[in-house]
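For reference, the chains in residue letters:
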Amino acid sequence: MYDIGDGIVVCFKNKKDCHNLVLFSNNNQKTYDVGGMLFELVSDESIYLIRDKVKNMISIFPNKGDTVARDTITEYYKWLYETVEDEELPIATELFRSTFSEAICQILNDEKQMAKFSIIEDFFNCAYELYYDQLTLFAVYVEAIATHASKISDQFQGELAESFKENIGEYFNELIDLCYLQKESDFRYVYKVSIKNFMQLLMFEYCRMKDTRKAIKICVNCGRFFIPQGRVDTLYCPLPAPGC
(Lines give C-alpha, C1' and ligand atoms only; values in the text may rest on other atoms or scores of the structure.)
Protein backbone atom coordinates (compact mmCIF):
# COMPACT_ATOMS: atom_id res chain seq x y z
CA MET A 1 0.00 0.00 0.00
CA TYR A 2 2.81 2.43 0.87
CA ASP A 3 5.19 1.40 -1.88
CA ILE A 4 3.72 3.95 -4.28
CA GLY A 5 7.11 5.11 -5.56
CA ASP A 6 8.44 2.48 -7.96
CA GLY A 7 11.58 4.36 -8.99
CA ILE A 8 12.88 4.09 -12.54
CA VAL A 9 14.20 1.39 -14.86
CA VAL A 10 17.22 2.28 -16.98
CA CYS A 11 18.22 0.38 -20.13
CA PHE A 12 21.33 0.61 -22.30
CA LYS A 13 22.80 -1.47 -25.13
CA ASN A 14 26.30 -2.05 -23.76
CA LYS A 15 28.84 -0.46 -21.43
CA LYS A 16 30.16 1.82 -24.16
CA ASP A 17 26.69 3.09 -25.15
CA CYS A 18 26.58 6.84 -24.46
CA HIS A 19 22.80 6.92 -23.87
CA ASN A 20 20.40 5.59 -21.25
CA LEU A 21 16.74 4.86 -21.95
CA VAL A 22 14.69 5.57 -18.83
CA LEU A 23 11.34 3.86 -18.27
CA PHE A 24 9.02 5.61 -15.82
CA SER A 25 6.18 4.14 -13.77
CA ASN A 26 3.59 6.06 -15.82
CA ASN A 27 4.85 4.24 -18.98
CA ASN A 28 6.65 7.32 -20.28
CA GLN A 29 10.15 6.94 -21.69
CA LYS A 30 13.01 9.39 -22.05
CA THR A 31 16.56 9.07 -23.36
CA TYR A 32 19.39 10.73 -21.43
CA ASP A 33 23.05 11.09 -22.27
CA VAL A 34 25.26 9.23 -19.80
CA GLY A 35 25.51 11.49 -16.74
CA GLY A 36 22.36 13.37 -17.72
CA MET A 37 20.18 11.88 -14.99
CA LEU A 38 22.72 12.83 -12.33
CA PHE A 39 23.10 16.30 -13.83
CA GLU A 40 19.32 16.80 -13.61
CA LEU A 41 19.27 15.67 -10.00
CA VAL A 42 21.99 18.12 -8.87
CA SER A 43 20.40 21.13 -10.58
CA ASP A 44 19.09 23.99 -8.42
CA GLU A 45 15.55 23.28 -9.61
CA SER A 46 15.75 19.64 -8.56
CA ILE A 47 17.25 20.46 -5.17
CA TYR A 48 14.39 22.85 -4.50
CA LEU A 49 11.85 20.20 -5.52
CA ILE A 50 13.25 17.22 -3.60
CA ARG A 51 14.44 19.08 -0.50
CA ASP A 52 12.64 22.36 0.08
CA LYS A 53 9.27 21.68 -1.53
CA VAL A 54 8.94 18.30 0.19
CA LYS A 55 9.50 19.92 3.58
CA ASN A 56 7.15 22.80 2.76
CA MET A 57 4.34 20.48 1.66
CA ILE A 58 4.62 18.39 4.82
CA SER A 59 4.22 21.55 6.91
CA ILE A 60 1.00 22.69 5.16
CA PHE A 61 -0.89 19.41 4.93
CA PRO A 62 -4.46 20.41 5.91
CA ASN A 63 -5.13 17.38 8.13
CA LYS A 64 -1.70 17.08 9.75
CA GLY A 65 -3.22 16.83 13.23
CA ASP A 66 -5.08 13.60 12.42
CA THR A 67 -4.31 10.46 14.40
CA VAL A 68 -1.70 8.11 12.95
CA ALA A 69 -3.48 5.20 11.27
CA ARG A 70 -3.23 3.18 8.10
CA ASP A 71 -5.80 5.31 6.28
CA THR A 72 -4.30 8.67 7.28
CA ILE A 73 -0.77 7.60 6.33
CA THR A 74 -2.03 6.47 2.94
CA GLU A 75 -4.04 9.66 2.41
CA TYR A 76 -1.13 11.90 3.39
CA TYR A 77 1.41 10.05 1.25
CA LYS A 78 -0.81 10.11 -1.83
CA TRP A 79 -1.32 13.83 -1.35
CA LEU A 80 2.44 14.40 -1.00
CA TYR A 81 3.12 12.18 -4.00
CA GLU A 82 0.79 14.26 -6.17
CA THR A 83 1.94 17.70 -5.01
CA VAL A 84 5.71 17.21 -5.25
CA GLU A 85 6.23 16.78 -8.98
CA ASP A 86 7.64 18.59 -11.99
CA GLU A 87 7.15 17.35 -15.55
CA GLU A 88 10.44 18.99 -16.52
CA LEU A 89 12.28 17.04 -13.79
CA PRO A 90 11.07 13.44 -14.13
CA ILE A 91 14.15 11.85 -12.53
CA ALA A 92 13.93 14.09 -9.46
CA THR A 93 10.17 13.52 -9.21
CA GLU A 94 10.34 9.72 -9.42
CA LEU A 95 13.32 9.33 -7.10
CA PHE A 96 11.74 11.60 -4.51
CA ARG A 97 8.72 9.30 -4.51
CA SER A 98 10.62 6.04 -4.26
CA THR A 99 13.19 7.29 -1.75
CA PHE A 100 10.49 8.76 0.49
CA SER A 101 8.57 5.52 0.19
CA GLU A 102 11.62 3.67 1.52
CA ALA A 103 11.68 6.02 4.53
CA ILE A 104 8.00 5.39 5.25
CA CYS A 105 8.43 1.62 5.05
CA GLN A 106 11.45 1.79 7.35
CA ILE A 107 9.34 3.44 10.06
CA LEU A 108 6.37 1.13 9.54
CA ASN A 109 8.62 -1.88 10.08
CA ASP A 110 9.84 -0.55 13.43
CA GLU A 111 7.14 -1.11 16.07
CA LYS A 112 8.99 0.85 18.76
CA GLN A 113 9.35 3.81 16.44
CA MET A 114 5.70 3.66 15.40
CA ALA A 115 4.60 3.73 19.04
CA LYS A 116 6.10 7.22 19.41
CA PHE A 117 3.69 8.90 17.00
CA SER A 118 0.22 10.16 17.87
CA ILE A 119 -0.44 12.55 14.97
CA ILE A 120 0.30 12.24 11.27
CA GLU A 121 2.52 15.34 11.16
CA ASP A 122 5.01 13.73 13.58
CA PHE A 123 5.11 10.54 11.50
CA PHE A 124 5.90 12.40 8.29
CA ASN A 125 8.41 14.71 9.93
CA CYS A 126 10.28 11.58 11.03
CA ALA A 127 10.01 10.12 7.53
CA TYR A 128 11.42 13.37 6.15
CA GLU A 129 14.41 13.15 8.50
CA LEU A 130 15.23 9.66 7.20
CA TYR A 131 14.68 10.81 3.63
CA TYR A 132 16.84 13.89 4.21
CA ASP A 133 19.67 11.71 5.57
CA GLN A 134 19.68 9.82 2.26
CA LEU A 135 19.62 13.09 0.31
CA THR A 136 22.48 14.50 2.38
CA LEU A 137 24.58 11.37 1.87
CA PHE A 138 23.99 11.65 -1.86
CA ALA A 139 25.00 15.33 -1.88
CA VAL A 140 28.18 14.71 0.12
CA TYR A 141 29.32 11.94 -2.22
CA VAL A 142 28.49 13.91 -5.37
CA GLU A 143 30.52 16.88 -4.16
CA ALA A 144 33.42 14.63 -3.13
CA ILE A 145 33.47 12.87 -6.50
CA ALA A 146 33.16 16.13 -8.46
CA THR A 147 35.82 18.04 -6.50
CA HIS A 148 38.18 15.06 -6.71
CA ALA A 149 37.73 14.85 -10.49
CA SER A 150 38.37 18.61 -10.68
CA LYS A 151 41.51 18.29 -8.50
CA ILE A 152 40.17 20.78 -5.94
CA SER A 153 39.09 18.35 -3.19
CA ASP A 154 40.21 18.63 0.40
CA GLN A 155 41.61 15.60 2.24
CA PHE A 156 38.22 14.35 3.43
CA GLN A 157 36.63 14.67 0.00
CA GLY A 158 39.59 12.96 -1.64
CA GLU A 159 39.46 10.01 0.74
CA LEU A 160 35.70 9.73 0.35
CA ALA A 161 35.95 9.76 -3.44
CA GLU A 162 38.69 7.12 -3.44
CA SER A 163 36.70 4.90 -1.08
CA PHE A 164 33.64 5.23 -3.30
CA LYS A 165 35.61 4.24 -6.40
CA GLU A 166 37.15 1.22 -4.70
CA ASN A 167 33.80 -0.25 -3.70
CA ILE A 168 31.56 0.66 -6.60
CA GLY A 169 32.51 -1.93 -9.24
CA GLU A 170 31.16 -5.00 -7.48
CA TYR A 171 27.89 -3.27 -6.64
CA PHE A 172 27.39 -2.16 -10.24
CA ASN A 173 27.84 -5.68 -11.60
CA GLU A 174 25.25 -7.00 -9.14
CA LEU A 175 22.82 -4.24 -10.13
CA ILE A 176 22.79 -5.03 -13.86
CA ASP A 177 20.34 -7.49 -15.36
CA LEU A 178 20.08 -8.63 -18.98
CA CYS A 179 16.70 -8.58 -20.67
CA TYR A 180 14.77 -8.09 -23.88
CA LEU A 181 13.19 -4.69 -24.39
CA GLN A 182 10.34 -4.16 -26.83
CA LYS A 183 10.38 -0.75 -28.47
CA GLU A 184 8.33 0.16 -31.53
CA SER A 185 7.71 -3.50 -32.44
CA ASP A 186 11.43 -4.25 -32.19
CA PHE A 187 13.05 -6.49 -29.57
CA ARG A 188 16.46 -5.45 -28.39
CA TYR A 189 18.86 -7.21 -26.06
CA VAL A 190 19.81 -4.66 -23.39
CA TYR A 191 21.18 -4.20 -19.92
CA LYS A 192 18.53 -3.19 -17.40
CA VAL A 193 18.90 -1.59 -13.98
CA SER A 194 16.19 -0.74 -11.44
CA ILE A 195 16.94 2.41 -9.44
CA LYS A 196 14.89 3.37 -6.38
CA ASN A 197 16.92 5.96 -4.48
CA PHE A 198 19.45 8.75 -4.87
CA MET A 199 22.54 6.74 -3.97
CA GLN A 200 21.67 3.99 -6.45
CA LEU A 201 21.42 6.63 -9.17
CA LEU A 202 24.82 8.05 -8.23
CA MET A 203 26.43 4.60 -8.27
CA PHE A 204 24.88 3.79 -11.63
CA GLU A 205 25.79 7.08 -13.29
CA TYR A 206 29.33 7.05 -11.91
CA CYS A 207 30.02 3.62 -13.39
CA ARG A 208 28.39 4.51 -16.70
CA MET A 209 30.43 7.72 -16.90
CA LYS A 210 33.61 5.82 -16.11
CA ASP A 211 32.89 3.28 -18.88
CA THR A 212 32.22 6.08 -21.40
CA ARG A 213 35.11 8.28 -20.21
CA LYS A 214 33.02 11.01 -18.70
CA ALA A 215 33.03 12.65 -15.26
CA ILE A 216 31.00 15.08 -13.22
CA LYS A 217 33.13 18.02 -12.19
CA ILE A 218 32.93 21.44 -10.54
CA CYS A 219 33.88 24.42 -12.67
CA VAL A 220 36.86 26.17 -11.09
CA ASN A 221 35.53 29.46 -12.46
CA CYS A 222 31.91 29.54 -11.31
CA GLY A 223 31.55 26.55 -8.95
CA ARG A 224 28.73 24.92 -10.92
CA PHE A 225 28.51 21.18 -11.56
CA PHE A 226 29.15 20.22 -15.18
CA ILE A 227 29.99 17.22 -17.35
CA PRO A 228 32.67 18.01 -19.97
CA GLN A 229 31.47 17.30 -23.49
CA GLY A 230 34.99 17.15 -24.92
CA ARG A 231 38.20 16.52 -23.02
CA VAL A 232 37.55 15.00 -19.62
CA ASP A 233 40.38 17.08 -18.10
CA THR A 234 38.52 20.33 -18.89
CA LEU A 235 38.42 22.63 -15.87
CA TYR A 236 35.74 25.09 -17.00
CA CYS A 237 32.06 24.73 -17.84
CA PRO A 238 30.71 26.44 -20.99
CA LEU A 239 28.49 28.85 -19.07
CA PRO A 240 29.56 32.47 -18.46
CA ALA A 241 31.12 33.32 -15.12
CA PRO A 242 28.84 34.91 -12.50
CA GLY A 243 28.53 38.67 -13.09
CA CYS A 244 29.39 38.47 -16.79
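> Outline the packing of aromatic side chains, supporting the account with residue identities and numerical values.
Under the criterion given, the structure shown has 20 aromatic pairs. Between the aromatic rings of F123 and F124, the centroid separation amounts to 5.2 Å while the plane-to-plane angle is 70 degrees, which identifies the pairing as edge-to-face. With respect to class, F123 is no different from F124; both count as buried. Residues Y128 and Y132 carry aromatic rings whose centres are separated by 5.9 Å and whose planes lie at 25 degrees to one another, so their mutual orientation is stacked. Residue Y128 and its partner Y132 are located together in helix α6 (residues 120-149), separated by four residues, close to a single helical turn. Assessed through its relative accessible area of 35%, Y132 is described here as partly exposed.

> Describe the pairing of strand β1 (residues 8-12), listing the residues and the values that go with them.
Burial within β1 is extensive, with four of its five residues counted as buried. As defined by bridge partners, β1 adjoins strand β2 (residues 19-23) across three bridges and the pair is classed as antiparallel. The partner of V9 across the bridge, within β2, is L23. The hairpin turn running from β1 into β2, its antiparallel successor, is six residues long.

> How would you summarise the packing of helix α2 (residues 44-60) against α6 if you had to cite specific residues and measurements?
Packing of α2 against α6 leaves a shortest axis separation of 11 Å and a crossing angle of 175 degrees. In terms of orientation, α2 lies roughly antiparallel with respect to α6. Between α2 and α6, the contacting residues are I50, R51, V54, K55 and I58 on the first element and F124, N125, Y128, Y131, Y132 and L135 on the second. The residue inventory of the contact of α2 with α6, partitioned by class, reads eight nonpolar, one polar and two charged.

> Report on the nonpolar core, specifying residues and quantitative values.
With 68 residues, the main nonpolar core has I8, F100, F124 and F138 as its most contacted residues. When residues of this core are assigned to their parent elements, the largest contribution, 14 residues, is made by α6. Among residues more than four places away in sequence, those in contact with F100 are V54, I58, Y77, L80, F124, A127, Y128 and Y131.

> Kindly report on a negative patch on the surface, identifying the contributing residues and their values.
A cluster of acidic side chains, namely D44, E45, D86, E87 and E88, defines a negative patch on the protein surface. Inspection of the secondary structure puts D86 in the loop between α3 (70-83) and α4 (90-108). On the basis of relative accessibility, which here comes to 30%, the residue D86 falls in the partly exposed class.

> Could you give an account of a nonpolar patch on the surface, with specific residues and numbers?
A cluster of nonpolar side chains, contributed by I152, V220, L235 and Y236, occupies part of the molecular surface with about 350 Å² of accessible area. Relative to the helices and strands, Y236 is located in the segment after β7 (225-226).

> Run through helix α8 (residues 198-211), naming residues and quoting values.
Counting along an α-helix, one turn takes 3.6 residues, and residues three or four places apart therefore face a common direction. Counted at 1.5 Å a residue, the expected span for α8 with its 14 residues is 20 Å, and the 20 Å between its end C-alpha atoms agrees. In this structure N197 caps α8, since a side-chain oxygen of it lies 3.2 Å from the backbone nitrogen of M199. R213 occupies a position one or two residues after α8 and carries a positive phi of about 60 degrees.

> Outline the pairing of β2, listing residues and values.
The buried count for β2 comes to four of five residues, which makes it a mostly enclosed element. Linking β2 to strand β3 (residues 29-33), which pair antiparallel, is a turn of five residues; within it N27 sits at a positive phi near 75 degrees.

> Summarise unusual backbone geometry; cite the residues concerned and give the values.
Even without being glycine, N27 reaches a positive phi, approximately 75 degrees. Within the secondary structure, N27 sits in the loop between β2 and β3. Taking relative accessible area as the criterion, N27 reaches 69% and is therefore assigned exposed. For R213, which is not a glycine, the phi torsion comes out positive at approximately 60 degrees. Along the chain, R213 turns up in the loop between α8 and β6 (217-218). Residue class for R213 comes out exposed when judged on its relative accessible area of 73%.

Thresholds, definitions, all that
Along each chain, the written sequence defines residue order, and numbers are assigned to residues from 1. In view of the model being predicted, local features appear only for residues whose pLDDT reaches at least 70, and side-chain atom pairs are presented and counted only at 80 or more, with totals across whole chains, interfaces and linings using the full set of residues. Hydrogens and waters are ignored; side-chain quantities use all the structure's heavy atoms. Here is the rule: rings of Phe, Tyr and Trp (six-membered ring for Trp) pair when centre to centre is within 6.5 Å. Planes less than 30 degrees apart are stacked, more than 60 are edge-to-face, and the remainder are tilted. To sort residues, take the accessible area from a 1.4 Å probe on protein chains only and compare it with the maximum for the residue type: under 20% means buried, over 50% means exposed, and anything in between is partly exposed. We count a stretch as a helix when DSSP gives it H or I for four or more residues in a row; a strand needs E for two or more, and each element gets its number in order from the N terminus. Paired strands, in this sense, are two strands between which DSSP finds at least two bridges. Only the stretch in contact is used when a helix axis is fitted, and all axes are lines through C-alpha atoms; the angle between N-to-C directions ranges over 0 to 180 degrees. Roughly parallel here means an angle under 35 degrees, roughly antiparallel means over 145, roughly perpendicular means 65 to 115, and every remaining angle is called oblique. Only heavy atoms matter for contacts: two residues are in contact if any of them lie within 4.5 Å across the pair. Note on residue classes: Ala, Val, Leu, Ile, Met, Phe, Trp, Tyr, Cys and Pro are nonpolar, Asp, Glu, Lys and Arg are charged, and everything else, Gly too, is polar. To define a nonpolar core, start from buried Ala, Val, Leu, Ile, Met, Phe, Trp, Tyr and Cys residues and group those joined through side-chain atoms within 4.5 Å. Here the term patch refers to residues with relative accessible area over 30% and no salt bridge, with like charges joined within 9 Å and nonpolar side chains (Val, Leu, Ile, Met, Phe, Trp, Tyr) within 5 Å. Per-residue accessibility takes into account occlusion by the displayed protein chains alone, with areas from the Shrake-Rupley method and a 1.4 Å probe. Any Lys or Arg side-chain nitrogen located within 4 Å of an Asp or Glu carboxyl oxygen qualifies as a salt bridge. Positive charges come from Lys and Arg, negative ones from Asp and Glu, while His and the chain ends are left out of the count. Where a charge lies is defined by one atom per residue type, namely NZ (Lys), CZ (Arg), CG (Asp) and CD (Glu). A helix's residues, less one, multiplied by 1.5 Å, set its expected span. Two N or O atoms count as a polar contact when they lie within 3.5 Å, although within protein this holds only if one can serve as hydrogen donor and the other as acceptor, and sequence-adjacent residues are included solely when both atoms are side-chain atoms.

Function-wise, these values are silent; they only describe arrangement.
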